[in-house]
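Examining the three-dimensional arrangement
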Number of protein chains: 2
Amino acid sequence: MFSMQNLVFLCLFGATATFAQTTDSTFIRSIYTEALSRGKAYEDLRSLCKDIGPRLSGSSAAAMAVDWGQQKLSQYGFDKVYLQEIKVPHWERGTKENAWIRTKAGKIIPVSVLALGGSVDTKGLLRGELVIFPSLDALKKAKSADIKGKIVFINQPMDETMINTFKAYGACYTIRGEGAIEAGRLGAIAVIVRSLGLASDDHPHTGSMHYADDVTKIPAAAISTKDADLLAAIDPKEKPEFILEMNCQSFPDITSYNVIAEITGSQFPNEIITFGGHLDSWDTGEGAHDDGAGIVHSMEALRILKTLRYKPKHTLRVVFFMNEENGNRGGITYANWSKELGEKQIAAVESDRGGFAPRGFSCDGTPEQVKLLESCRDILTPYELHVFEKGYGGVDIYPLRNQFAGIPLFGFVPDSQRYFDFHHAESDVFENVNKRELELGCAAMSAFVYLLDQKL
Amino acid sequence: MFSMQNLVFLCLFGATATFAQTTDSTFIRSIYTEALSRGKAYEDLRSLCKDIGPRLSGSSAAAMAVDWGQQKLSQYGFDKVYLQEIKVPHWERGTKENAWIRTKAGKIIPVSVLALGGSVDTKGLLRGELVIFPSLDALKKAKSADIKGKIVFINQPMDETMINTFKAYGACYTIRGEGAIEAGRLGAIAVIVRSLGLASDDHPHTGSMHYADDVTKIPAAAISTKDADLLAAIDPKEKPEFILEMNCQSFPDITSYNVIAEITGSQFPNEIITFGGHLDSWDTGEGAHDDGAGIVHSMEALRILKTLRYKPKHTLRVVFFMNEENGNRGGITYANWSKELGEKQIAAVESDRGGFAPRGFSCDGTPEQVKLLESCRDILTPYELHVFEKGYGGVDIYPLRNQFAGIPLFGFVPDSQRYFDFHHAESDVFENVNKRELELGCAAMSAFVYLLDQKL
């Protein structure tokens, strides 16, 4: 039956939908204008990178970064700003980090290495014959007799033919994470891994690694891609000797904090939309892309909404997670704490893929939740966003899934091409972040959080 | 009527379409692998930027760039490599380029300027009171009495709130192109324009400008954005004096060349798909993004197709156009020459927006031609290309439209966010081009030219 009432209803509904779309569209335009014309993100990132610097969990700089975050968030005048106590691992690189290769002919060449985070020290100069494997799989198939007492070098490169560099990273990162276990299991005295980077350069890329309870812990370091190629070019018949010195050390866990700020929801204050990045970084470079960018993306997203006098329906909460890099204690603690408080977490968004030109968002969720993401496509297309698809959320927000079954987890997706030039390396500094690219990321994050608040 | 024949036809047709799609898809995958694993583009760009350097039309370096291009294309062994003679303008910056601002209180501050290309010289130190206008429109409304004998400064910024930076450039570039005419018409003795760049930095951006036959030619220069802000902050009551010295000079036209290479079409040798960039650059920086990137995008696109033993149906022709920056003589000559030869130009593609991460292609053409472009979307989506829409082709290929009515003109569209940090400035150097971003552009160009050859 098609009645006059139906017609009237359809007209009204149509008008409302159009009005909502226009309102959203106008508001999102104002978000972008604020980010690009009066944005604070670039200066905030400069301050985090230059006034604080690298900030590995447990370090003094990480403690200063907590102060920095609390102060910044307080200055922006959000409804609540508070700390959440956690215990984090404490590992220090130490003062010695040297490596050489010595050929049979007696040529001695220094090479660039960085201890992997969590590695044991070498207790002075450690020397051993270098055995090269093209991949972790090849190492796993090796015989202990060929490895015992030697130093293993896993020269597995990231696959440069993959278009998305995060996929190439994902396919390769076990060499860093598991290399020490596999080499140690076969009797190696140390393991060197090719840096997880796509560029040919001189700076090694550090990162987390693991030991197993049943395997002797051996020192583990990353070598620069250029020096990896240098080692690989040496004739194995030369039986080159590798010499490694690192005095890195682990200490007891230490107290640290997540830093949290929120604008309280006007209709559903107990329903939380969480978004954030991680405040800790590796101890090389300045953690500019990883994850200073995510920190300022999130803080600026909330600042813009506040500046535009937006009154959210749900509570919008920024979390600066501590300890994403080597423990994820911040993410786990946050999820547990929220559950215990009886909060309802309705969505979470993470930015931890750098401060590059935005391309969109991915959704770790049900087909319906992916559809919700896709429903943002048309209104965000004018901002050159085009990725609205199923994909990963992020390490920090992942533990929410264990406490809040069914919560959709979203990842901010910037262009990935340059990320692994900087990731966990001394080149991850403020100067390598582009102002506009950073600001557009802030605007994308702000617009998406706004749309989630409207649509949920 | 639905007959068995229809069913058989549909099945066969469906199978053929699927087969073609699979073949295309496999071939395009091999294009990307070649570009990313065995690409020559980055080294070729290094060579153009470092061995040749900046190469303004008419300069010795431009002549060397012609040699370089002919040699490179010959080394790659294409079916034909040849030069096409043209006459180009010849303007030289000279040895003196200085500017200062002097306040009433006697404070003298040096500022960074670059003569605009084609500007007349100042014949020694030129001094005048500085009058500031916020826009070209404001200048047009001014009275001659307020301007006569003074130096006009047009401080119109590019609109940073526009998402696509080329749109912001397009909306602002008349201050550079027409500023000298408008200021000269009102009796100014020189014109200074705010650099067309979005970043706040110290290096001015040069570019082309025009004079009118009925207006006295006055010296014209761009000032860095930082110094533009400095000038704008001076109280007009200070009646600041601007002091400018430039000894740039124009010379008679000089002989130069377009550099051309092709793989002859196996089915339609007289039907040409033209693609290219421009070999000339401004005389500051190294012309790395503008348009060294376009040169190597095009050359590498053809090299990859040759390496993969692709036999094109139509003739695939790379053109290194000369003189895009200040005359477009290369583009005009090429179009005329092709018409005179009786060739059939069926499509043209230009890369002149930098060597950044690819986003897609635009089409200056009929709705049907835009649909042809859109038909490439699905097969290129895995390569993170998403722009397939109506839009500009390029300056070099535009004259083809005058000789070959109805020809579709396509523009390669990389991410635009960083382009105007480097455009026409000393920062446009090889080091500011990312290897993967460049290589992905080559692959995108190669894949698109392949698809055009298949679809046309």
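Residues numbered from 1 in each chain as written. Chains lettered and ligands numbered in written order. Predicted model: local features only at pLDDT ≥ 70, side-chain atom pairs only at ≥ 80, totals over all residues.

As for the relation of the copies chain B and chain A
Superposition of chain B onto chain A requires a rotation of 180° combined with a translation of 0.0 Å along the rotation axis, giving an RMSD of 0.0 Å. Taken together, the rotation angle and the small translation identify this as a two-fold axis. Rotation axis and chain B: the residue whose C-alpha lies nearest the axis is histidine 386 of chain B, separated from it by 3.5 Å. Here 100% of the contact residues of chain B are again contact residues in chain A; the copies associate through an equivalent surface. (Least-squares fit on C-alpha atoms with pLDDT ≥ 70 in both. Contact = placed C-beta atoms within 7 Å.)

Some points on the domain arrangement of chain A
Residue and element names in this part refer to chain A. Looking at the assigned domains, one finds that chain A contains domain 1 (29-91 + 252-455) and domain 2 (95-247). If you average the C-alpha positions of domain 1 and of domain 2, the two centres end up 33 Å apart. No other element matches the three residues that helix H13 (residues 419-422) contributes to the side of domain 1 that touches domain 2. For the side of domain 1 that touches domain 2, the residue count by class is five nonpolar, seven polar and four charged. (Domains from an automatic or database assignment. Helix = DSSP H or I, 4+ residues; strand = E, 2+ residues; numbered from the N terminus. Nonpolar A, V, L, I, M, F, W, Y, C, P; charged D, E, K, R; others polar.)

A closer look at the interface of chain B and chain A
Facing the 22 residues of chain B at the interface are 22 residues of chain A. Secondary structure elements with two or more residues in the side of chain B that touches chain A: helix H1 (4-37) and helix H14 (435-455) of chain B. Classifying every residue of the side of chain B that touches chain A gives nine nonpolar, six polar and seven charged.

Topic: helix H3 (residues 60-75) of chain A
Helical periodicity: at 3.6 residues per turn, an α-helix aligns residues three or four positions apart in one direction. Residue and element names in this part refer to chain A. Counted at 1.5 Å a residue, the expected span for H3 with its 16 residues is 22 Å, and the 23 Å between its end C-alpha atoms agrees. All buried positions along H3 are accounted for by Ala62, Ala65, Val66, Trp68, Gly69, Lys72 and Leu73. Down the axis of H3, the sector holding all buried residues measures 165°, keeping them to one side. In H3, the exposed positions angled more than 90 degrees off the buried face are occupied by Ser60, Gln71, Ser74 and Gln75. Following H3 by one or two positions, glycine 77 adopts a phi angle in the positive range, close to 70°. (Expected span 1.5 Å × (residues − 1). Buried ≥ 20, exposed ≤ 12 C-beta atoms within 10 Å, placed from the backbone. Arc of directions from axis to C-beta.)

Comments concerning the sheet that holds strand E12 (residues 314-321) of chain B
Each strand in a sheet pairs with its neighbour through backbone hydrogen bonds, running either in the same direction (parallel) or in the opposite one (antiparallel). Residue and element names in this part refer to chain B. Ordered by their spatial adjacency, eight strands build an open sheet running E1-E10-E12-E11-E13-E16-E14-E15, and the pairing between neighbours is mixed. Of all the strands in the sheet, just strand E1 (80-92) and strand E15 (387-390) have a single pairing partner and so form its edges. Strand-to-strand twist in this sheet, taken as the mean axis angle between neighbours without regard to direction, amounts to 20°. Most of the contacts of helix H9 (residues 329-340) go to E1, to which it runs at about 140°, and overall it touches E1, strand E10 (249-263), strand E11 (268-278), E12 and strand E13 (344-350). (Pairing = 2+ DSSP bridges. Axes fitted to C-alpha atoms, helices over the stretch in contact; angles between N-to-C directions.)

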